[in-house]
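Fold and geometry: a report
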Amino acid sequence: MIKHLRSAADLDLATATLILDTAGEMAALAGREVKKLPTLRGRTVVNLFYEDSTRTRISFEAAAKRLSADVINFSAKGSSVSKGESLKDTALTLQAMGADAVVIRHSASGAPHRLASWVDGSVINAGDGTHEHPTQALLDAYTMRSRLGRLAGLRVAIVGDVLHSRVARSNVLLLTTLGAHVTLVGPPTLVPRDIAAALSPATKVSYDLDSVLPDMDVVMMLRVQTERMQDSYFPSAREYSRRYGLDLARMRKLPEHAIVMHPGPMNRGMEIAPEVADSSRSTIVEQVANGVSARMAVLYLLLGGKA
Amino acid sequence: MTGFLIQGVSVLGAAPSDLVLRDGFVVSAPDGTEDVVDGSGLVALPGLVDLHTHLREPGREDAETVETGSRAAALGGYTAVFAMANTSPVADTAGVVEQVWRLGREAGLVDVQPIGAVTVGLAGKQLAELGAMATSAAGVRIFSDDGFCVADPRLMRRALEYVKAFDGIIAQHAEEPRLTEGAQMHEGEVSTRLGLTGWPAVAEEAIIARDVLLAEHVGSRLHVCHVSTAGSVEVLRQAKARGVRVTAEVTPHHLLLTDELAASYDPVFKVNPPLRTAADVAALRQALVDGVIDVVATDHAPHAVEDKECEWAYARPGMLGLETALSIVLSVLGERWDLIADRMSRTPARIAGLDGHGTDLAVGSPANLTLVDPSARRVVDPAELASRSRNTPYTGTTLPGRIVATFLRGEPTVLDGKAVK
Amino acid sequence: MASPRADTTSKIILGESDLHRVVDRIAHQILEKTSGATGTVLLGIPTRGVPLAQRLAARIHAFEGIDVPVGSLDITLYRDDLRLHATRALGKTELPGGGIDGRRVILVDDVLFSGRTVRAALDALNDVGRPSSVQLAVLVDRGHRQLPIRADYVGKNIPTAVSESVRVSLLEVDGLDEVKLTGGDK
């Protein structure tokens, strides 16, 4: 078993499949009255969050607690680099506390890699800068598999601000490993021209959402931050929404069985219309529930055996 | 003053001969009073000259001082280094450049030649008192805002023109700042994969293209710092072919390392301009051989531990270079001693107008030289470096060549591979 | 020296027909002891406990025409030795429709050894419902208990040395039916 989950590239097909299968078992357990399992009793999981993300932190916390791990929430937000303790000093503190796993969320790409070089325990990337968010990709893949029954051969469009999206990077890597075909869609300013070469040569790129939709099994809308406008990535929210937003008319271009995903939090009316977000094709609420199962699976597989 | 008799040394790879140093010069024959140095197996080069060094004093003495940087330079075979102006306070007045110059003379290990800032506080708004620095005791001839680009084209034009009065030269850090906002590494496949903001090659090439046109227009000399891309090489090649008076430098690390190293997220590989692709490395090597790039300059940039043992985005850019430069160049160019002497000693001294350095070891020449053992191999251990900082990208790498001795005006600064003081 | 896998140190304890006879006997005993298996649920412990439970149900049906609900109970997440081994993949937990509350649960496993698996199964059972009683059926009891646990139905008692191992093969999992004793110091 792998020691750290820093990138979706840490997962080969067998490991990724094992995590998804395990998540399935965990999901089944979530339906019963007693949700807690004794599995990780005596293990310590630290949630080290340098960025606000209540939903991700709560998801990891629920996952760890359901497996009976001791959870320490270490919110480092607000401690600026100049004034606050350095990541390395924090790492040494966590090491001294005997953390078996550190779940890290950080605004700097690669922070989990640095952390892993300073602690003995497992490091789980809960989102680093504009790099990756591998557990999000796992829960997304789990959601696709649950809804559509398979991953191999699925055609998935990931739409929006690919350049700044850690969700997109992890999804491209993981979905490719699992045999799905990914098309990245967005304005050329937000889809790096070497993204396919960088992540997976089979990845396709399109600037035209309408032409892509009829062939897709899954369309995943990425959050687009309106401040990108100020930096001239696109002219206006209105134009963005008109060209790359998923509204009802566009949703109808999808095949009957296709699903609509969003990692949240959504900008309703920007990248996704409210009627689409709330439609039966939308898996947005399921994704949240599946997040706990996927994270339980990751924690179990990283911590459930001999270190 | 003791003389030295270096027996059986190969000057620039020629057949072994004796070299006699007395009273600061190379002389024709020993008089029997000299200390004898065994030169067998060693190659003598004119003392190396570095056009681009950060000594950090005043301001960041925890990272480097004039003295520790001078020692590192001597151990690297250098007899003269040009100290960049981005200290704190900035070397933008006669007072600061004289202070640095004096500290260099006191350390007495290499000739420390201060570079003056082009603009007040490196802020890119207003010319610093370039003339005052030129006529100060430091005799500044090279001016640079290195660390920052003189981005304002009008200001750059004025600077290029103004320094003609005292045969000065502007050394440009070519980086269009709007194209590199938040940039962390070379923009390309690796940056896309790692989610680090890209530093596009065009940000360097656009400034060099603009500046060679400006230099041509006003008839001034221009020096381009740390050229890092194949596209920059092409711009320079065309400018030189047209007769523009432009010179350029490349760092040892840009001749060897590539952006793939960032995959570790270890900021020891973070540098500005960033490590580029293998294709860029190949173009830079060829340009150095062709003479499109004139010199190797280290961009020796010491940083304290806390500025490197952190997240990539928060780390300061830069790497140590003085103590490994010759080894890197040897591994890149091979034992082409005349070419090495040209790119690391003669040409940098000529660009800077530095008398007494970069002259071949003929009778009557100043005795500034270094002795290299080309057959030696060493494994780089940061703990063994003389620099106060440890941010070498070569930790654990086996490098060819070792500096055995360095002489500054006939006095040894390094003997038996150790600094004399 | 022979390879450790060589059959020189292994002995077949139950052949195919022996194994079938033993399963039949356990099925009869269950019918007898539970007065016709009413209100009874068979829960197999993965991996080999699950097909065994299915076989027992099939035999009970053949003998008496009674349908005994069958399910599986994975105990991996309840093991007390997780840290001693590489991470294990999970098995399935599938309770039969109607659940286990108020019913008699018979746990089914292939080999009873230290008793730790059964201890974990009791913990797991506790988290999924409240049976009226719990019994244990095993194909082989090889002794060496480390906990105060005994089986209600035993196919065969096999005296073993601690260093030996009992390997149960079932058609559904391994492609053949047999029980082998392997290893040991001699």
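Residues numbered from 1 in each chain as written. Chains lettered and ligands numbered in written order. Predicted model: local features only at pLDDT ≥ 70, side-chain atom pairs only at ≥ 80, totals over all residues. Heavy atoms only, no water.

Considering the packing of helix α4 (residues 153-162) of chain B against helix α6 (residues 201-218) of chain B
Residues and elements named next belong to chain B.
- In the contact formed by α4 and α6, the axes pass within 10 Å of each other and the chain directions differ by 45°. Taken together, α4 and α6 sit at an angle that is classed as oblique. The way α4 lies across α6 gives a crossing that is right-handed. Residue-level contacts link P153, M156, R157, L160 and E161 of α4 to R210, D211, L214, A215, H217 and V218 of α6.
- Considered class by class, the residues forming the contact of α4 with α6 number six nonpolar, one polar and four charged. (Axes fitted to C-alpha atoms, helices over the stretch in contact; angles between N-to-C directions. Helix = DSSP H or I, 4+ residues; strand = E, 2+ residues; numbered from the N terminus. Parallel < 35°, antiparallel > 145°, perpendicular 65-115°, else oblique. Left-handed = near helix turned anticlockwise from the far one by under 90°. Contact = heavy atoms within 4.5 Å. Nonpolar A, V, L, I, M, F, W, Y, C, P; charged D, E, K, R; others polar.)

What about the sheet that holds strand β7 (residues 78-83) of chain B?
All names here are of chain B.
- As summarised here, the arrangement of the three strands in space is β6-β7-β8, forming an open sheet in which the pairing is parallel. In the strand order of this sheet, the two ends are held by β6 (48-53) and β8 (111-114), each with one partner. Taken over all neighbouring pairs, the strand axes of this sheet differ in orientation by 20° on average, direction set aside.
- Relative to β7, β6 is paired through four bridges, and the arrangement is parallel. (Pairing = 2+ DSSP bridges.)

Some points on the interface of chain A and chain C
- At the junction of the two partners, chain A supplies 20 residues and chain C supplies 17 residues.
- A buried area of about 1,500 Å², summed over both sides, lies between chain A and chain C, and 55% of it is on carbon and sulfur atoms.
- It is E25, Y300 and K306 of chain A that lose the most area in chain A upon contact with chain C, and together they represent 34% of the buried surface on that side.
- If you look at where chain A meets chain C, you find two salt bridges.
- In this structure, E25 of chain A engages K92 of chain C in a salt bridge whose closest nitrogen and oxygen atoms are separated by 2.7 Å.
- Taken together, the connections running from chain A to chain C amount to eight residue pairs in polar contact (both at pLDDT 80 or more).
- Elements represented by at least two residues in the side of chain A that touches chain C include exactly α1 (13-30) and α12 (284-303) of chain A. (Buried area = accessible area lost by both parts, 1.4 Å probe. Salt bridge = Lys/Arg side-chain N within 4 Å of Asp/Glu carboxyl O. Polar contact = N/O pair within 3.5 Å; in protein donor to acceptor, adjacent residues only side chain to side chain.)

What to know about the domain arrangement of chain A
All names here are of chain A.
- You can read the domains of chain A as domain 1 (8-132 + 288-303) and domain 2 (134-283).
- One C-alpha centre belongs to domain 1, the other to domain 2; they are set 25 Å apart.
- Of the residues lining the interface, 31 residues belong to domain 1; the matching set on domain 2 comes to 23 residues.
- Both sides together, the interface formed by domain 1 and domain 2 hides about 2,200 Å², and carbon and sulfur atoms give 64% of it. (Domains from an automatic or database assignment.)

Comments concerning the UniProt feature "active site" (unreviewed entry) in chain B
Residue and element names in this part refer to chain B.
- UniProt records the feature "active site" (unreviewed entry) for D299 in the present numbering.
- Not counting the four nearest positions on each side in its chain, D299 is found in contact with H52, H54, D146, H226, T251, H253, N272 and M319.
- In this structure the side chain of D299 is engaged in a polar contact, spanning 3.1 Å, whose partner is the side chain of H54. (UniProt positions renumbered as here; feature names shortened; annotations may be inferred.)

Quick word on the interface of chain A and chain B
- Between chain A and chain B, the residue contacts involve 22 residues of the former and 18 residues of the latter.
- Summing the contributions of chain A and of chain B, the shared interface buries around 1,700 Å²; its carbon and sulfur component is 54%.
- Area buried by chain A at its contact with chain B is led by S109, R114 and A198 of chain A, which between them contribute 29% of it.
- Counting across the chain A and chain B interface gives two salt bridges.
- Across the pair D266 of chain B and R114 of chain A runs a salt bridge whose closest N-O atoms are separated by 3.8 Å.
- Taken together, the connections running from chain A to chain B amount to eleven residue pairs in polar contact (both at pLDDT 80 or more).
- Contributing elements (two or more residues each) for the side of chain A that touches chain B: α3 (87-96), α4 (111-116) and α7 (195-199) of chain A.

Topic: the side chain of T406 of chain B
All names here are of chain B.
- Mapped onto the elements of the fold, T406 is located in strand β17 (residues 398-408).
- Look at T406 and you get buried, because its relative accessible area is 0%.
- A polar atom in the side chain of T406 sits 2.9 Å from the backbone oxygen of A74.
- Here T370 takes part through its side chain, which lies 3.2 Å from a polar atom of the side chain of T406.
- In this view, T406 contacts A74, G77, Y78, T79, L369, T370, E411, P412, T413 and V414; residues no more than four positions away in its chain are not counted. (Buried < 20%, exposed > 50% of the residue type's maximum accessible area, 1.4 Å probe, protein only.)

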